[in-house]
Amino acid sequence: MMKECLTIKLTIAFTFLFLLNVDIQAQNGDCVITTINYDFEEPQIDSSSGWPSMEDQDNVPGWQTTASDGVIEVWPSSNNGGSVTAYSGSQYIELNANEVSGVYQDYQTPIEGAEFNYSFAHAARNSAPSGSDIVGVYAGAPGGTLTLIDQYSTEVNTGWDLKTGTYIVPANQGVTRFEFRAISTATGQPTVGNFLDAIEFTANFGILSQNPLTISCTSSISVEALGDGQWIADDSSNPSPAVVTDPNSGSTTITGFDNVGTYTFAWTNQVCFDLLTVEVVQGSIPVNTIAASLPSVCDEDNDGLVFFNLTQAEDLFVDNPQEYQIEYYMTQSAADTEDSSGLIDSPENYSIQTGEITNVFLRINQGDCHEVVALNLSSYFIPKIRNTIDLNTCDNSTGVYVVDLTLNDTNIIGNQNPSTIDIGYYLSQVDAENDQNEITDSANFELSAMGCETIFVKVKNSNQEQCYQISSFEACAIDVLINSPQDLQSCTISDNGLAYFNLTSNNTTILDGQDPSLFDIKYFTSLDDATNNTNEISTPPNYLASNQTQTIFVRLENSQNSTCFDVDSFVIESEKVAVVEAEELTSCVNEDSSSFDLTAIESDLNLSQDRTLVGYYSSLEDAVEDSNKISNPQDFVNSSNVETVYAYVATSQQTCFEVYSIQLVSEVCEPFIPEGFSPNGDGINDVFEISGVLENFPNFRLEIFSRYGQKVYQGNTNKDYWNGTSEAGNDLPTGTYYYVLDLNDSTSEVIKGWVYLNR
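No experiment lies behind these values; they were computed from the predicted model shown. (Residues numbered from 1 in each chain as written. Predicted model: local features only at pLDDT ≥ 70, side-chain atom pairs only at ≥ 80, totals over all residues. Heavy atoms only, no water.)

### Structural notes on the overall build of the chain
A count of helices and strands for the chain gives 9 helices and 50 strands. A compact globule built from 759 residues should have a C-alpha radius of gyration of about 27 Å, whereas the chain, at 64 Å, is more than 25% larger. Each of the three principal axes of the chain carries a C-alpha extent, and together these read 200 × 90 × 55 Å. Burial statistics for the chain: of 759 residues in total, 44% are counted as buried. Of the contacts made within the chain by residues no fewer than 6 positions apart, 65% connect residues no fewer than 24 positions apart. Working note: accessible area of the chain is about 38,000 Å², and carbon and sulfur atoms make up 44% of it. Looking at charge distribution, the chain has the averaged site of its 22 positive side-chain charges lying 14 Å from that of its 107 negative ones. (Helix = DSSP H or I, 4+ residues; strand = E, 2+ residues; numbered from the N terminus. Rg over C-alpha atoms; globule rule 2.2 N^0.38 Å. Buried < 20%, exposed > 50% of the residue type's maximum accessible area, 1.4 Å probe, protein only. Contact = heavy atoms within 4.5 Å. Areas by Shrake-Rupley, 256 points an atom, 1.4 Å probe, with all protein chains shown as cover. Lys, Arg positive; Asp, Glu negative; His and termini not counted. Charge placed at Lys NZ, Arg CZ, Asp CG, Glu CD.)

Structure, rendered in structure tokens:
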């Protein structure tokens with residue numbers, strides 16, 4: 001294995017030698033700095049005496065001293081003079097051999113930010129009964145002032161204690177010196193105390209990531225190395241091609257770990273060369289992408305929900321999806337942890353709210369490996385065309401007809417949010433469907449000739465143009481043609497002789513068959529007002545004339561474009577209606593009311609072919625307006641003793657009709673007494689009934705006598721009519737009987753007479 005690694009390193013080293021023109025050693029690990037002669041086993045001193053050897057620094061590999069005599073004190077394992085057994089090997093040193101000084105070693109540190117980890121064994125010299133020896137570790141650039149990193153103490157008679165620490169190389173410090181200095185001793189003598197052994201300073205100027213690295217179920221790793229250099233993948237030996245995202249960056253990502261096996265990568269910088277070994281024990285799932293989208297869905301039925309078949313996205317993420325177990329989750333955390341509360345049970349019919357843009361997550365499983373990928377879903381509402389109206393422009397005699405199509409924008413949008421809708425106008429359905437040849441200046445669309453063109457409008461969702469609706473309307477160049485209205489006459493009974501007019505009765509004449517939905521008709525009292533569209537008559541169906549003869553001006557304008565109009569005029573004439581008194585009609589009161597035959601006066605109305613009776617009315621206003629006719633004039637029942645009704649006579653010889661007033665007088669009449677009756681049970685004249693007596697004379701008294709003067713009946717309001725029987729209830733014979741009727745009314749006399757009873 002070592003041979004194979006060396007071959008790889010040599011190959012890469014030669015490659016970098018050519019590319020970067022740097023001196024690269026063909027030896028893995030040359031980026032790791034270590035301490036030379038860390039446990040002072042060189043030089044090998046004579047240990048037989050058990051006492052130290054004062055060695056010239058040149059004889060001690062790796063180590064130097066700041067002592068003026070250049071002497072380093074090397075001890076063997078011993079118990080002499082408070083000494084101890086070596087921590088590592090058989091030798092160690094004591095600081096301040098003959099004078100106060102430091103022992104140091106220098107390290108090449110060309111890369112800023114390199115971290116040194118150090119450790120050393122420290123022991124106090126057991127020459128004092130108690131106390132501690134204290135040593136300081138200093139670092140910095142040679143020739144400069146060294147900085148105390150930390151100081152460490154060890155009590156006497158406790159033996160060795162392993163001390164540790166770290167140091168970060170600052171910028172522009174190409175060489176770093178680490179120096180040990182005695183700060184104090186338990187003996188109080190600077191040259192007696194502070195034993196050191198197993199001093200190790202290590203730093204890595206190459207690969208900082210875990211190395212070697214074992215991975216599974218992933219196709220990418222992040223790596224970190226120091227210095228300015230380059231990564232190279234050993235594609236000739238790696239199980240599958242691996243890609244270094246940024247080969248010239250120490251911190252980067254490597255992808256492509258698709259097959260099981262050992263991958264090798266080299267990192268070389270300005271000072272060293274290092275190898276990274278990645279062992280893939282189980283391959284990753286090869287996903288095509290970690291995020292994808294299904295096509296956006298439009299809410300066709302406008303019910304606020306859209307549905308997706310999530311399984312249609314499987315081919316976007318992996319080839320041959322049937323080889324995997326794929327689950328769907330509502331959140332990434334649920335997918336990562338297989339949280340069943342977030343599991344989508346029916347991915348073939350998954351719904352979201354209209355207008356919602358969200359992600360669901362697919363967990364793609366194979367063996368012990370899985371990948372979680374994001375699937376974007378977006379839904380949009382389809383804007384509705386609420387309404388359109390046909391737009392018109394005038395014939396302005398220039399031959400250029402401009403229509404502002406955007407006047408339909410408000411109708412189209414209705415109560416929808418305009419910021420979410422795009423509106424376009426087109427000359428054909430095909431252009432609208434394909435979003436081509438849109439009318440660019442829709443506010444100034446020019447018609448090619450008089451007449452109409454069909455305009456197609458398309459409304460699209462501003463965020464998704466596939467969600468749209470198309471409709472059409474007409475844009476027309478029109479001419480407003482007003483037909484001359486007719487003069488109007490109206491009759492009045494007012495004292496000032498001014499009548500009300502329904503000016504709109506001229507509307508049909510003015511339009512002359514044109515579509516009324518395309519026009520507005522307005523009435524004015526002056527030509528200037530009609531021309532300027534000011535001071536419009538507010539109630540044209542019920543307009544009161546200001547003069548007996550008056551000119552009215554009518555303005556006919558296009559309902560969509562008020563600048564397209566024409567003006568004409570007509571005359572209204574007011575005429576006062578003549579009211580003629582007709583012959584008075586009288587009638588007897590019958591139960592507080594009377595019945596009149598109003599037609600009795602018609603012989604006095606001079607009716608003819610040119611003079612026709614329109615009807616009878618209870619008030620003069622009804623007669624003038626020809627409303628609320630009396631339905632049965634032959635049997636009109638009055639509501640008061642003296643009442644006036646009116647007859648409306650139309651004449652072809654006069655502008656206005658004639659009205660006749662008819663006074664109805666109700667009076668109390670004498671009762672009608674029949675001269676006979678026949679009580680034979682046939683239902684006809686079975687009783688002696690005096691008409692009008694019960695209704696008009698409630699206090700009357702009636703007495704009937706036989707021809708012999710015998711009273712056979714006495715009656716009043718509370719008694720039935722006489723039926724031809726005696727007071728005892730016996731039928732009386734045929735014959736003449738005599739009555740006395742006292743009406744008990746101050747204006748009437750007692751009435752006497754006879755009646756014939758016929759059996």
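Now that the structure has been shown, we can carry on.
### Focus on the environment of Thr176
With respect to the helices and strands, Thr176 occurs in strand S11 (residues 175-184). Excluding residues within four positions of it along the chain, Thr176 makes contact with Gln105, Asp106, Tyr107, Thr109, Gly140, Tyr167 and Val169. Within polar-contact distance, the side chain of Thr176 engages the side chain of Gln173 at 2.8 Å. (Polar contact = N/O pair within 3.5 Å; in protein donor to acceptor, adjacent residues only side chain to side chain.)

### Focus: the nonpolar core
If you look at the biggest cluster of nonpolar residues, it comprises 33 residues, and the most contacted ones within it are Phe116, Phe120, Phe180, Leu196, Ile199, Phe201 and Phe205. Listed by contribution, the elements that provide at least two residues to this core are strand S4 (71-76), strand S6 (102-108), strand S7 (115-123), strand S8 (132-140), S11 and strand S12 (195-204). Element by element, the count of residues in this core is highest for S12, at 4 residues. Setting aside residues up to four positions removed in sequence, Phe116 forms contacts with Ile33, Tyr107, Thr109, Gly165, Thr166, Tyr167, Val169, Phe178, Phe201, Thr202, Ala203 and Phe205. Counting 23 residues, the second-largest nonpolar core is a separate cluster that includes Val318, Tyr350, Ile364 and Leu375. (Core = buried A, V, L, I, M, F, W, Y, C linked by side-chain atoms within 4.5 Å.)

### Considering the sheet that holds strand S38 (residues 565-576)
As summarised here, the arrangement of the 4 strands in space is S33-S38-S37-S35, forming an open sheet in which the pairing is mixed. Where the open sheet ends on each side, the last strands, each with one partner, are strand S33 (488-492) and strand S35 (519-524). Neighbouring strand axes in the sheet, compared pairwise and without regard to direction, differ in orientation by 30° on average. (Pairing = 2+ DSSP bridges. Axes fitted to C-alpha atoms, helices over the stretch in contact; angles between N-to-C directions.)

### A short note on the sheet that holds strand S47 (residues 701-705)
Spatial strand order, S46-S50-S49-S47-S48: 5 strands in an open sheet with mixed pairing. The open sheet terminates on both sides in strands that have one partner only, identified here as strand S46 (676-677) and strand S48 (711-715). Across 2 bridges, S46 lies against strand S50 (residues 751-757) in parallel orientation. Paired with Phe677 across the two strands is Leu757, which belongs to S50.

### Section: the environment of Phe473
Structurally, Phe473 can be placed in strand S32 (residues 464-478). By relative accessible area, which is 2% here, Phe473 ends up buried. Residues Phe473 and Phe456, spaced 17 residues apart in sequence, show a C-alpha to C-alpha distance of 6.7 Å. The contacts of Phe473, once residues within four sequence positions are left out, are Thr388, Ile389, Asp390, Leu391, Leu405, Asn408, Tyr425, Glu453, Thr454, Ile455 and Val457.

### Regarding the state of the cysteines
According to the stated counting rule, one finds 6 disulfides in the structure shown. Between the sulfur atoms of Cys394 and its disulfide partner Cys564 the distance amounts to 1.3 Å. Because the sign of the S-S torsion sets the handedness, a value of about -120° for the bond joining Cys394 and Cys564 places this disulfide among the left-handed ones. Remark: Cys564 occurs in the loop between strand S37 (549-558) and S38 and Cys394 occurs in strand S27 (residues 391-394); sequence separation between them is 170 residues. Neither residue differs from the other here; Cys394 and Cys564 are each classed as buried. Across a sulfur-sulfur distance of 1.9 Å, Cys491 and Cys656 are joined as a disulfide pair. (Disulfide = S-S within 2.5 Å.)

### A look at a negative patch on the surface
Taken together, the side chains of Glu583, Glu584, Asp604 and Glu667 define an acidic patch exposed on the protein surface. By secondary structure assignment, the location of Asp604 is in the loop between strand S41 (595-596) and strand S42 (611-617). (Patch = residues over 30% accessible without salt bridge, like charges linked within 9 Å, V, L, I, M, F, W, Y side chains within 5 Å. Salt bridge = Lys/Arg side-chain N within 4 Å of Asp/Glu carboxyl O.)

### Describing the packing of aromatic side chains
For the structure shown, the criterion picks out 30 aromatic pairs. Between the aromatic rings of Tyr92 and Trp160, the centroid separation amounts to 5.4 Å while the plane-to-plane angle is 85°, which identifies the pairing as edge-to-face. With Tyr92 in strand S5 (residues 91-94) and Trp160 in the loop between strand S9 (147-155) and strand S10 (161-168), this residue pair connects regions lying 68 residues apart in the sequence. The exposure class assigned to Trp160 is buried, which follows from its relative accessible area of 19%. (Phe/Tyr/Trp six-rings, centres within 6.5 Å; stacked < 30°, edge-to-face > 60°.)

### Here's the deal with the pattern of salt bridges
This model, assessed by the stated rule, comprises 12 salt bridges. Among the ionic pairs, Arg125 bridges to Glu94, the shortest N-O distance being 3.1 Å. One end of the pair, Arg125, is in the loop between S7 and S8; the other, Glu94, is in strand S5, with 31 residues separating them in the sequence. Pair check on accessibility: Arg125 and Glu94 agree, each one buried. Connected via shared salt-bridge partners are Asp435, Lys458 and Lys460.

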